[in-house]
Each structure stands twice: as structure tokens, then as C-alpha cells.
There are 2 protein chains.
Amino acid sequence: MRQFVVVGHDAPTSPEFPLDDLPSAAGRLDVLCRCVNSALFLSHGIRESRIHLVLADEYTVTFDGASARQLHPDERTTAARIRAALDAREDAIGHMPAEPSPGVELRQLGFEATLDRVGGTPVQLHEDGEPLFEAVPPTNPTFVLSDHSDFTPAERELLADRADSRFRVGPERLHADHSITVAHNWLDTDGYTDY
Amino acid sequence: MRQFVVVGHDAPTSPEFPLDDLPSAAGRLDVLCRCVNSALFLSHGIRESRIHLVLADEYTVTFDGASARQLHPDERTTAARIRAALDAREDAIGHMPAEPSPGVELRQLGFEATLDRVGGTPVQLHEDGEPLFEAVPPTNPTFVLSDHSDFTPAERELLADRADSRFRVGPERLHADHSITVAHNWLDTDGYTDY
């Protein structure tokens, strides 16, 4: 399975944010919403992937493409789902997640604990990494990305310890959601010579 | 230069649409907004590409990455720019565009006339095309895509006549905005063995 962990440094940790101002009043939640779109949507279909949004190192909201229902690709609707998850945050106790709707779960976990829980083969997408299209895809990759800000020194240290591979999507630096699209396409086309 | 033409079949042709309901009341304008994002945004930069949004075969709104100012990646802000362009639609007379802000222009042109005006080498992204990553990139490609709906028979006929190449982005069918990201990445990485 393909998984994505996206660190939202300024993301909200309570549901009191306006859906009309995601970039500013909701701490660039628009970036995370677009990442959900890139991770899960095909044209006329949903990928069986999972994406985990780490909100300010306090909560993690997971969207599971295999079991989530009524997902919509637009930012506002996805932000409303994240808000509903934060609204149910008191139901997340210890290892028990809140599950405001099927396939959407909120856990009281920060970045490190989320990496531990998610498993798979952690892969960092980073400008200093190996060119993606020359690399062999790992089994069950867990791509780890940052929102509009770079990883903090502590996050970088953690990733240096955990991530087996570091790949670069191309010579240009891309937004997190675009990097997810490229990573999916890399895995989609790998091994295909006649797709 | 890289250009993109995206056909918005149900897109609005007047500014009376709500920014709070892009998917439904604004005829899937969310798709076109994400296409603008994919066509123009780099992490911490703007690409010198152009994207032309054909609105219901009546108007075409062009965003020029080289000259547009204060672009934001979120759907709502882009939709507001399209609304401002439609609000100025009476200034578009004959071949003269309305230019509500630098680098954003609205013309009274449908799909065929836009293809004529835009030039470049028309390239169709289509599921029956040649695999993208095996192809040689054309000079000055103009990628032509459709929104959430397929091209109509008339549009398909026009494209069969005009587009020199037809490429497939991979074995999965992708949304238009994701296809734009893959096309950019293809051009970014082409010829690079050590990016």
C-alpha cells in the first residue's frame, strides 16, 4: 500500500477556523487539503492509499481511500472533513481514534508517533535525494512530506534516522501536493513499458 | 514555452457565482482552479507558463505566469480572479481582451478560436495516447485537456485535426490538474540524468 505523511506545521488543532480563509486563518490548511486530493483521487475513482495529516505535532487525521465515503476533491469540502475530525477530538483517547465518518480518523499523535504507527518503508521526498525516476520503488512506501515550510531541524534529524531512502522528484522544487502526484505516477508507470 | 488549454464545459460565463460552492453552483470551477495551480506554481516560485481556461465555449481566461502578480495557490483565491475577469467581460471587444489585473486576460473566444490564437504544438493528453515517458517532448507544447467531463464529439474531432501528438500520462486515468503536474515533471526531467 502507498501511504503519505504530511507535516502541517501551522495547521489548526481545534475546529474554530473559517472555511472561507484556509490559507491564512486556517494555517495553510489549503495545502493539506490539496495533498488529500493528490493522494486519493483518480479520474472517476479513489485510490486505495492512505494519507496522514500531522496537525501542529499534536493530532493526526488519516484519510483511508479504501474505506472513506463521499470524498470530494475540492479544498473546502476536505477542510470541512478535517474540521469535523477536530470537532470529535475528545473522542480520541490513548490509542483509540475518533472516527467522525467512515475512513476518516483522528488520533492524538504527533509526527514521530505517527511514523511509528503508520509503518511501511519511510521515504523522504527531498531536493537533495536521488532522482526518483532512476530509483527502484520500495515495497509499501510511506512518503513523508512537509507543507509550505521546510522540515524543522528536529524533524530532519528524525527522518535521517528513519527514512531508508531520499528521492528527488525532479530538478524543480515542487509543492507537497504536486510531489504526491509525481510519486503516484512514478509507481503507476514503474515496470510498465506498454501502459 | 509551455501552455495549457483546459476546456470547462459547465464553467460559469457570468460573475454571479458563489465562492463558497465552486464544485456545484460554479460548475466545477474548482477543477479549473486546481489546473491553474498545477500549471503555474512551483514551491516558492511561479513558472513562466500560460494556462487558458475555456469557459463554456464562450470566454477564455488566460493566466500568464510571467506577468501575473499576487497569485495564490488556493482554489478560492483563483476563483475570485476568474470572477473578476468575468466581471470585466464587457471590456473584451473583438480581439481586445479585458485585463482585470496584470497577466490575467479574458477574451471572447471559444475552444477552436483559442487553439488558433494560442499556437504552439498542440498535444492531447488522452488515455489512448502514446506513453508520455517514452516520447520526445515537442517544442513549445500546448497541452489540451478537459475538465471533469470528457471532450465532446465535436471537440474530439477538432483535436484529431489539430493535435500532432496524443500522450497518455500513465496506466491510471488522472484528473486534469494531476495530468498537468505529470506533464510539467516530464518536461522538467527530460534530458536530465543527474538532476
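Residues numbered from 1 in each chain as written. Chains lettered and ligands numbered in written order. Predicted model: local features only at pLDDT ≥ 70, side-chain atom pairs only at ≥ 80, totals over all residues. Heavy atoms only, no water.

(A) How the structure looks around the overall build of chain A. Each helix and strand counted, chain A has five helices and 10 strands in total. If you line up chain A on its principal axes, its C-alpha atoms span 45 × 40 × 30 Å. Classification of the 195 residues of chain A by burial places 58% in the buried group. Partitioning the intrachain contacts of chain A with sequence separation of at least 6 by distance along the chain shows that 68% fall at a separation of at least 24. Accessible surface, chain A as shown: approximately 8,000 Å² in total, 43% of it carbon and sulfur. (Helix = DSSP H or I, 4+ residues; strand = E, 2+ residues; numbered from the N terminus. Buried < 20%, exposed > 50% of the residue type's maximum accessible area, 1.4 Å probe, protein only. Contact = heavy atoms within 4.5 Å. Areas by Shrake-Rupley, 256 points an atom, 1.4 Å probe, with all protein chains shown as cover.)

(B) Up close: the confidence of the model for chain A. Per-residue pLDDT for chain A averages 94, and the proportion of residues at 70 or more is 97%. As scored by the predictor, the complex reaches a pTM of 0.96 and an ipTM of 0.96. (pLDDT = per-residue confidence, 0-100.)

(C) Spatial organisation of the relation of the copies chain A and chain B. In the superposition of chain A on chain B (RMSD 0.0 Å, axial shift 0.0 Å), the rotation amounts to 180°. Given the turn and translation reported, the copies of this chain are related as if by a two-fold rotation axis. Nearest to the rotation axis, the C-alpha of A:Val182 is located 3.0 Å from it, this being the minimum over chain A. (Least-squares fit on C-alpha atoms with pLDDT ≥ 70 in both.)

(D) Region of interest: helix H5 (residues 176-189) of chain B. When the terminal C-alpha atoms of H5(B) are compared, their 20 Å separation across 14 residues agrees well with the 20 Å that a helix rising 1.5 Å per residue should span. Most of H5(B) sits inside the fold, with 14 of its 14 residues counted as buried. (Expected span 1.5 Å × (residues − 1).)

(E) Structural detail: helix H1 (residues 29-40) of chain A. Between its terminal C-alpha atoms H1(A) stretches 17 Å, which fits the 16 Å expected from 12 residues at 1.5 Å a residue. Looking at H1(A), one finds that the buried residues are A:Leu29, A:Asp30, A:Val31, A:Leu32, A:Cys33, A:Arg34, A:Cys35, A:Val36, A:Asn37, A:Ser38, A:Ala39 and A:Leu40.

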